[in-house]
Amino acid sequence: MERPRIVGILLMGILVWCCMATSANADTKMIYKDSNQPYNVRIKDLIGRMTLEEKIGQMIQIERNVSSPEVMRKYFIGSLLSGGGSEPTPQASPKDWIDMVNEFQKGSLSSRLGIPMIYGIDAVHGHNNVYKATIFPHNIVNRIGVVTALEVRATGIHYVFAPCIAVCRDPRWGRCYESYSEDPKIVQDMTEIIPGLQGQIPSSYPKGVPFVGGMESVAACAKHYIGDGGTTKGINENNTVIDNKGLLSIHMPGYVSSIRKGVATVMISYSSLNGVKMHANYEMVTNFLKKNLRFKGFVISDWEGIDRITSPPHANYTYSIEASVNAGLDMIMLPYNYTEFIDGLTYLVKNNFVPMSRIDDAVKRILLVKFTMGLFENPLADEKFVEQLGCEAHRELAREAVRKSLVLLKNGKSADAPLLPLPKKASNILVAGSHADNLGYQCGGWTIKWMGFSGNNLTTGTTILTAIKNTVDPTTKVVYNENPDAEFVKSGGFSYAIVVVGEHPYAETKGDNLNLTIPEPGPSTITNVCGTVKCVVVVVSGRPVVIQPYVASIEALVAAWLPGSEGQGVADVLFGDFGFTGKLSFTWFKTVDQLPMHVGDPHYDPLFPLGFGLTTQPAKAQ
């Protein structure tokens, strides 16, 4: 009787061992790492393995300056960013950046589950001004997106906080130059940059699901949701007072288009909507964006955006965490105080102030974007795009964008006597103005540094002065005087003058401006030069500015917006190698007392209306 009992015990032991082995084998087979599995299967498998600490880590985005590979591993950080002003050192090469990004990524990959982080940067941020023209072709906007993605990838980064699809309804707003237009239809059209950045979305792709098509593409971000361009008097981060019809017809169309084009992320606005801070607005974030518009990507806060839910900021941080996460924000751009956020959100979840279902929703959305991007298969950046950075083909595209975005507002005392295009061959010409030989002024804010810079030694490019010298006949003498007095102009014997003036660089609240006048010595330069000799004034600005007092004395007037590094694009059109084609995507006011002013308003009486722009034909060989 003893022998069968022993056999039975042995069989039972073998069975238990087999079950244990099978179970162990199942544990080692991590489905989320299998690229052949559908995204939802991979996400379900991965999130089922994650602890609360790991989930909260995925919801965090921190500045690279406070991070390290050890921090990434220890706190399971989901994302890094280089914020405004977190510029590379002058000596840093693209390879240096790739190496830095990869070191951080290796920190993430060495954590328990090896979830890759996503690195974000303010690429394109603030430079929607380059596309300010109503007839700007969609294909060039798309091409700009493609080139931007390649250049960002060249530095090892794979997530851009662009495009800004704010509808600027008042040029006094300091972020107006980040907006494509005051017209929601133009803004909607310009979302064509998204498939440029992310890759062309397949026609059968499900609505609202993020799409990022391969290693040459980057995740994009539609921002700032919603109403940021409609605040009272254009005051940054202020309150937008608007009814539902106005909100849906003016500020929402760009988001509808972005979601249809598979935008991966949406960033929330600092501003309030009818008194409710957008970072705490459950109705607009969860109910409308996620449920109504069926957006499936992740929602990210702005820089320290949740802190500003309270006044003063950070006054009740636990409340700010609770209000923002429960409102539907998935990733929080902290960007520094990550341990405080971790402790606060952990407490709120464990005490049922934030449900675990909300945490899981946030993490699923973040993981979906990462899976869509192929980060689990290709987490490390390589050097194959390095040669793309600042290459000639990309600069040529930027130059093309500049010349197509210039708007000719006046050309001669009458239509029968145009000044432009200018003759390349002349005995003696004057170039004047604070912005004629200043790359920093051409580029504006959000260039290398948060507030931009002045001078020519922080980036590579061509100033308008250099472009003029490159373009005129070799026998033409070009005299440059930044701010000449009237006597100098009178005695110079100049055939004509080109005056380049405008705004100084700024960003965000520091750009809020209730008077919108061109800073001195700009007006003095216009008066001294244009009162004496035939002149074309080129205005370098991120928005319409006060120009009416000088128009009568100006022979020709050009809105150049912020042409960036490629000043040659300005000279291309001034001298007739190409014709002017651009149209205003903003109403140009007479006085600031008219603001806000839009087409259809009873008091609509602009200096130049929305859609205005004279055209010229390319000149024959001179």
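Owing to the predicted nature of the structure, the values given are computational and were not obtained by experimental measurement.

What counts as what
- Residues numbered from 1 in each chain as written.
- Predicted model: local features only at pLDDT ≥ 70, side-chain atom pairs only at ≥ 80, totals over all residues.
- Heavy atoms only, no water.
- Domains from an automatic or database assignment.
- Contact = heavy atoms within 4.5 Å.
- Salt bridge = Lys/Arg side-chain N within 4 Å of Asp/Glu carboxyl O.
- Polar contact = N/O pair within 3.5 Å; in protein donor to acceptor, adjacent residues only side chain to side chain.
- Core = buried A, V, L, I, M, F, W, Y, C linked by side-chain atoms within 4.5 Å.
- Buried < 20%, exposed > 50% of the residue type's maximum accessible area, 1.4 Å probe, protein only.
- Helix = DSSP H or I, 4+ residues; strand = E, 2+ residues; numbered from the N terminus.
- pLDDT = per-residue confidence, 0-100.
- UniProt positions renumbered as here; feature names shortened; annotations may be inferred.
- Pairing = 2+ DSSP bridges.
- Axes fitted to C-alpha atoms, helices over the stretch in contact; angles between N-to-C directions.

Draft legend 1. Geometry of the domain arrangement of the protein chain. Each domain of the protein chain was delimited in the assignment, giving domain 1 (56-380) and domain 2 (392-608). Placing a centre on the C-alpha atoms of domain 1 and another on those of domain 2 gives a separation of 33 Å. The interface of domain 1 with domain 2 comprises 42 residues on the first partner and 42 residues on the second. Linking domain 1 to domain 2 there are two salt bridges. The partner of Glu 508 in a salt bridge is Arg 175, and the shortest N-O contact between them spans 3.4 Å. At the boundary of domain 1 with domain 2, the tally comes to 17 residue pairs in polar contact (both at pLDDT 80 or more).

Draft legend 2. Region of the structure containing the nonpolar core. Judged by nonpolar contacts, the single largest core of 107 residues is most densely connected at Tyr 225, Phe 341 and Leu 345. By residue number, the principal contributor to this core is helix 14 (residues 356-373), which donates nine residues. In this view, Tyr 225 contacts Met 252, Tyr 255, Val 266, Met 267, Ile 268, Ser 269, Met 278, Met 284, Val 285, Phe 288 and Leu 289; residues no more than four positions away in its chain are not counted. In terms of nonpolar packing, the next biggest core, distinct from the first, is built from 35 residues, Val 402, Leu 420, Ala 426 and Phe 575 among them.

Draft legend 3. Quick peek at the side chain of His 158. Considering the arrangement of structural elements, one finds His 158 in the loop between helix 6 (138-153) and strand 4 (159-160). Accessibility expressed as a relative area gives 3% for His 158, which makes it buried. A polar contact of 3.2 Å, which involves the side chain of His 158, links it to the backbone nitrogen of Tyr 119. Contact partners of His 158, with chain neighbours within four places excluded, come to Gln 105, Met 117, Ile 118, Tyr 119, Val 152, Arg 153, Val 218, Ala 219, Met 373 and Leu 375.

Draft legend 4. Main features of the environment of Thr 466. Counting through the fold element by element, Thr 466 comes out in helix 17 (residues 464-471). Here Thr 463 takes part through its side chain, which lies 3.0 Å from a polar atom of the side chain of Thr 466.

Draft legend 5. Representation of the confidence of the model for the protein chain in the model. The predicted model of the protein chain has a mean per-residue pLDDT of 92, with 92% of residues at 70 or higher. Every residue in residues 125-135 is under pLDDT 50, and counting partners more than four places away or in other chains gives 53 contacts.

Draft legend 6. Geometry of the UniProt feature "domain: Glycoside hydrolase family 3 C-terminal" (unreviewed entry) in the protein chain. The UniProt record annotates "domain: Glycoside hydrolase family 3 C-terminal" (unreviewed entry) at residues 406-615. Helix makes up 18% of residues 406-615 and strand 16%, and the two end C-alpha atoms of the span are 10 Å apart.

Draft legend 7. Representation of helix 12 (residues 317-327) in the model. Among the residues making up helix 12, those that are buried are Tyr 317, Ser 320, Ile 321, Ala 323, Ser 324, Val 325 and Ala 327. One or two positions beyond helix 12, positive phi appears at Gly 328, with a value near 125°.

Draft legend 8. Seen up close, the sheet that holds strand 14 (residues 477-481). In space, the six strands of this open sheet follow the order 12-17-16-15-13-14, with mixed pairing throughout. Sheet topology places strand 12 (407-411) and strand 14 at the edges, where each strand pairs with a single neighbour. Across the sheet, the mean angle separating the axes of adjacent strands is 20° when strand polarity is ignored. As defined by bridge partners, strand 15 (residues 496-502) adjoins strand 16 (residues 535-540) across six bridges and the pair is classed as parallel. Bridged to Val 499 within strand 16 is Val 537.

Draft legend 9. Quick peek at the sheet that holds strand 1 (residues 60-63). In spatial order, the strands read 4-3-2-1-11; together these five strands make up an open sheet with parallel pairing. Each edge of the open sheet is held by one strand with a lone partner, namely strand 4 and strand 11 (332-333). Of the pairings in the sheet, the one linking strand 2 (residues 79-82) to strand 3 (residues 118-121) comprises four bridges and is parallel in character. Opposite Ser 82, over in strand 3, you have Ile 121 as the bridge partner. Relative to the sheet, helix 5 (residues 94-109) contacts strand 2 and strand 3, its axis offset from that of strand 3 by approximately 135°.

Draft legend 10. Highlighting the pattern of salt bridges. Applying the stated criterion across every chain, the model contains 28 salt bridges. The closest approach of N and O atoms between Lys 55 and Asp 360, which form a salt bridge, is 2.8 Å. Placement of Lys 55 in helix 3 (residues 52-58) and of Asp 360 in helix 14 is noted, with a sequence separation of 305 residues between them. Lys 55 sits in the buried class, given a relative accessible area of 9%. As a salt-bridge pair, Lys 106 and Glu 103 come within 3.7 Å of each other at their nearest N and O atoms. Of this pair, Lys 106 and Glu 103 are both found in helix 5, three residues apart, which corresponds to roughly one turn of the helix. Classification of Lys 106 by relative accessible area gives partly exposed; the value is 42%. Its relative accessible area of 41% is what places Glu 103 among the partly exposed residues.

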